[in-house]
Amino acid sequence: MLAVIGGTGVYRLVEQGEERETMIINTPYGESPQITRLVLDDSELFFMPRHHAGHDNPPHRINYRANLCALKQLGVKRILATNAVGSLDEKLEPGTFLVPDDFLDFTHHRPVTFYDQRTVHVDFTQPYCPQLRKVILESGEAVDGGVYVCVEGPRFETPAEIRMFRQLGGTVVGMTGLPEAVLARELSMCYASVCMISNYAASIQDKVTIDEVFQIMDGKKKELTDLLIESIHKTPQNSDCHCEQALQGAEIE
Ligand SMILES: [Zn+2]
């Protein structure tokens with residue numbers, strides 16, 4: 001089963017399919033947001049709004065462990081996520097979609113693992129599922145690869161931080177991609193992200209306002225939804241990646 005974790009702006013995915021049921025899942029980490037099970041043509045999937053519907057939950061307050069644990073409990077094996085990001089590269093304009101292939105994690109107040117009682121070191125040589133990345137890239141126009149820098153937020157970045165991220169090889173910067181990608185791997189689920197560039201990062205443009213972020217995203221909602229739908233249709237039944245074996249050889253016994 002596949003799930004979409006939708007950031008801001010992709011709630012219309014649900015309207016494109018046939019809604020079967022909605023549910024809130026209880027997990028050892030707390031409650032999930034309201035999840036919708038829907039059918040899109042022949043594909044059945046779950047949709048989870050990352051921030052809860054209505055965007056009342058800022059990035060640093062999202063209960064990432066409850067979200068991922070709920071999807072695991074529902075039998076989800078693959079996750080397509082969307083993330084709004086700022087561009088660190090003048091050549092990557094607002095409105096561009098990008099499928100990252102690596103990340104830098106600069107969050108510092110979020111629970112980052114399911115394994116607090118056991119010592120588990122999960123491999124991240126391939127930070128995102130290669131098969132799902134390929135599916136997304138074959139489903140529409142998106143930049144192949146880039147380094148997603150995740151910051152704690154909720155404020156935007158300073159010019160010095162942006163200079164540092166660029167020097168470290170960052171391509172885009174956002175607040176919601178981590179630890180989500182890590183937690184998915186820890187539960188042996190495939191995970192890939194479509195990043196929508198909504199603005200240039202601080203100091204590359206004069207000032208970042210939330211109005212302009214939403215304006216760009218509004219204009220791109222349909223395109224993003226279409227890219228997700230095509231990706232859902234193109235996802236093969238069988239996986240050819242190693243995400244499902246993520247815990248093999250990862251634990252100190
Ligand atoms: Zn995979």
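This structure is a prediction, so every number in the text was calculated from the model and none was measured. (Residues numbered from 1 in each chain as written. Predicted model: local features only at pLDDT ≥ 70, side-chain atom pairs only at ≥ 80, totals over all residues.)

Draft legend 1. Quick look at the overall build of the chain. Broken down by element type, the chain carries 6 helices and 13 strands. A compact globule built from 253 residues would reach a C-alpha radius of gyration of about 18 Å, and the chain, at 17 Å, matches this within 12%. Overall, the chain is about 45 × 45 × 35 Å in size when its C-alpha atoms are taken along their principal axes. When the 253 residues of the chain are sorted by exposure, 43% land in the buried category. Intrachain contacts of the chain at a sequence separation of at least 6 include 82% that bridge at least 24 residues. (Helix = DSSP H or I, 4+ residues; strand = E, 2+ residues; numbered from the N terminus. Rg over C-alpha atoms; globule rule 2.2 N^0.38 Å. Buried ≥ 20, exposed ≤ 12 C-beta atoms within 10 Å, placed from the backbone. Contact = placed C-beta atoms within 7 Å.)

Draft legend 2. The nonpolar core, seen in detail. By size, the foremost hydrophobic cluster in this structure holds 68 residues, and its most contacted members are A3, I79, V172, Y191, V194, C195 and M196. No other element matches the 7 residues that strand β13 (residues 190–200) contributes to this core. (Core = buried A, V, L, I, M, F, W, Y, C linked by C-beta atoms within 7 Å.)

Draft legend 3. Geometry of the pairing of strand β2 (residues 18–23). The buried fraction of β2 is low, at 0 of 6 residues. Relative to strand β5 (residues 35–40), β2 runs antiparallel, the two sharing 5 bridges. The residue bridging E21 from the neighbouring strand is R37, located in β5. (Pairing = 2+ DSSP bridges.)

Draft legend 4. Seen up close, helix α6 (residues 210–234). Look at α6: 33 Å from first C-alpha to last across 25 residues, which is about the 36 Å you get at 1.5 Å a residue. All of the buried residues in α6 are V213, M217, K220, L224, T225, L227, L228, S231 and I232. (Expected span 1.5 Å × (residues − 1).)

Draft legend 5. Quick look at the environment of A184. Within the secondary structure layout, A184 lies in helix α5 (residues 180–186). When the 28 C-beta atoms within 10 Å are taken as the criterion, A184 is described as buried. What A184 contacts, discounting residues up to four positions off in sequence, is L68, I79, M189 and Y191.

Draft legend 6. Structural detail: the environment of Q131. As for its position among the elements, Q131 is in helix α3 (residues 130–137). With 60 residues separating them along the chain, Q131 and Y191 place their C-alpha atoms 9.3 Å apart.

Draft legend 7. Structural context of the environment of L80. On the secondary structure map, L80 appears in strand β7 (residues 78–87). Given 27 C-beta atoms within a 10 Å radius, L80 is considered buried. As a C-alpha pair, L80 and C129 span 49 residues in sequence and 9.9 Å in three-dimensional space. Excluding residues that lie within four positions of it along the chain, L80 makes contacts with L2, V4, L132, A192, L228 and S231.

These values are about where atoms sit, not about what they do.
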